[in-house]
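So you can see what is in the structure, the chains are spelled out below.
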Amino acid sequence: MGWLWTIIVGGILGWLAGLIVSKDIPFGIIGNILAGIIGASIGNALGLDIGPTIGGMSVIGTLVGAIILILVVSFIFGMFKGNKRA
């Protein structure tokens, strides 16, 4: 049952991170979940295991990690979008 909380919390925090940076996350709800879960890993790797913990994820660390991930992915997708030839 712990994996279900991870998916729910990851999706919500990934969605909130997308709202904070005003960027669309590719792949919709799946992208939100992945951004939240991967963001939790990034936040923990940066030592940001602070704030309340829900579903095994630090809320603040996960948000910061997800924001970093969304900005990097948006930058990469923007580079590829800008390099299309007419």
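Just so it is clear, the structure is predicted and the values come from calculations on it, not from any experiment.

*Asks:* Looking at this structure, I do not really get the overall build of the protein chain. What am I missing?
*Replies:* For the protein chain, the count of helices and strands is 3 helices and 2 strands. The secondary structure elements of the protein chain, listed N-terminal to C-terminal, are α-α-β-β-α. A principal-axis box enclosing the C-alpha atoms of the protein chain has dimensions of 50 × 25 × 20 Å. In the protein chain, buried positions account for 33% of the 86 residues. Taking contacts inside the protein chain between residues at least 6 apart in sequence as the whole, the part at least 24 apart equals 54%. Accessible area for the protein chain stands at about 5600 Å²; split by element, carbon and sulfur atoms hold 73% of it.

*Asks:* Hey, could you run me through the nonpolar core in this one?
*Replies:* One recurring pattern in soluble globular proteins: nonpolar side chains tend to sit buried together. In terms of nonpolar packing, the biggest core is built from 14 residues, with Leu13, Ala17, Ala35, Leu63 and Ile70 touching the most fellow members. For this core, the element with the most residues is helix α3 (residues 59-82), which contributes 6 residues. Discounting residues that sit within four places of it in the chain, Ile70 has contacts with Gly14, Ala17, Gly18, Val21, Lys23, Ile25 and Ala35.

*Asks:* For this particular structure, what's the right way to read the UniProt feature "transmembrane region" (unreviewed entry) in the protein chain?
*Replies:* Taking the UniProt record as the reference, the feature "transmembrane region" (unreviewed entry) is found at residues 6-22, 29-48 and 54-80. Counting secondary structure, residues 29-48 comes out at 85% helix and 0% strand; the distance between its end C-alpha atoms is 25 Å. Split by type, residues 54-80 is 81% helix and 11% strand. Its first and last C-alpha atoms lie 36 Å apart.

*Asks:* Explanation requested: a nonpolar patch on the surface in the structure shown.
*Replies:* There is a patch of nonpolar side chains on the surface, built from Trp3, Leu4, Trp5, Ile7, Ile8, Ile12, Trp15, Leu16, Leu19, Ile20 and Ile37 and spanning about 1000 Å² of accessible area. For the nonpolar patch, the leading source of residues is helix α1 (residues 2-21), giving 10 residues. If you trace the backbone, Ile12 turns up in helix α1. Its relative accessible area of 44% is what places Ile12 among the partly exposed residues.

*Asks:* Got a minute to help me understand helix α2 (residues 28-45) in this structure?
*Replies:* What sets the pattern is the α-helix's 3.6 residues per turn: residues three or four places apart point alike. End to end, α2 covers 25 Å across 18 residues, agreeing with the expected 26 Å (1.5 Å per residue, within 8%). Buried within α2 we find Gly31, Asn32, Ile33, Ala35, Gly36, Gly39, Ala40 and Gly43.

*Asks:* What am I meant to see in the environment of Thr62 here?
*Replies:* Structurally, Thr62 can be placed in helix α3. Excluding its chain neighbours within four sequence positions, the residues that come into contact with Thr62 are Leu13, Gly36, Gly39, Ala40 and Met57.

*Asks:* Would you mind going over the packing of α1 against α2 with me for this structure?
*Replies:* Each pair of packed helices can be summarised by the angle the axes make with each other and by the distance between the axes. Across the interface, α1 lies against α2 with an axial gap of 6 Å and an inter-helix angle of 100 degrees. When the interaxial angle is binned, α1 and α2 end up roughly perpendicular. Counted together, Thr6, Ile7, Gly10, Gly11, Gly14 and Trp15 of α1 and Asn32, Ile33, Ala35, Gly36 and Ile37 of α2 form the full contact between these two elements.

Quick notes on the rules
- Residues numbered from 1 in each chain as written.
- Predicted model: local features only at pLDDT ≥ 70, side-chain atom pairs only at ≥ 80, totals over all residues.
- Heavy atoms only, no water.
- Helix = DSSP H or I, 4+ residues; strand = E, 2+ residues; numbered from the N terminus.
- Buried < 20%, exposed > 50% of the residue type's maximum accessible area, 1.4 Å probe, protein only.
- Contact = heavy atoms within 4.5 Å.
- Areas by Shrake-Rupley, 256 points an atom, 1.4 Å probe, with all protein chains shown as cover.
- Core = buried A, V, L, I, M, F, W, Y, C linked by side-chain atoms within 4.5 Å.
- UniProt positions renumbered as here; feature names shortened; annotations may be inferred.
- Patch = residues over 30% accessible without salt bridge, like charges linked within 9 Å, V, L, I, M, F, W, Y side chains within 5 Å.
- Salt bridge = Lys/Arg side-chain N within 4 Å of Asp/Glu carboxyl O.
- Expected span 1.5 Å × (residues − 1).
- Axes fitted to C-alpha atoms, helices over the stretch in contact; angles between N-to-C directions.
- Parallel < 35°, antiparallel > 145°, perpendicular 65-115°, else oblique.

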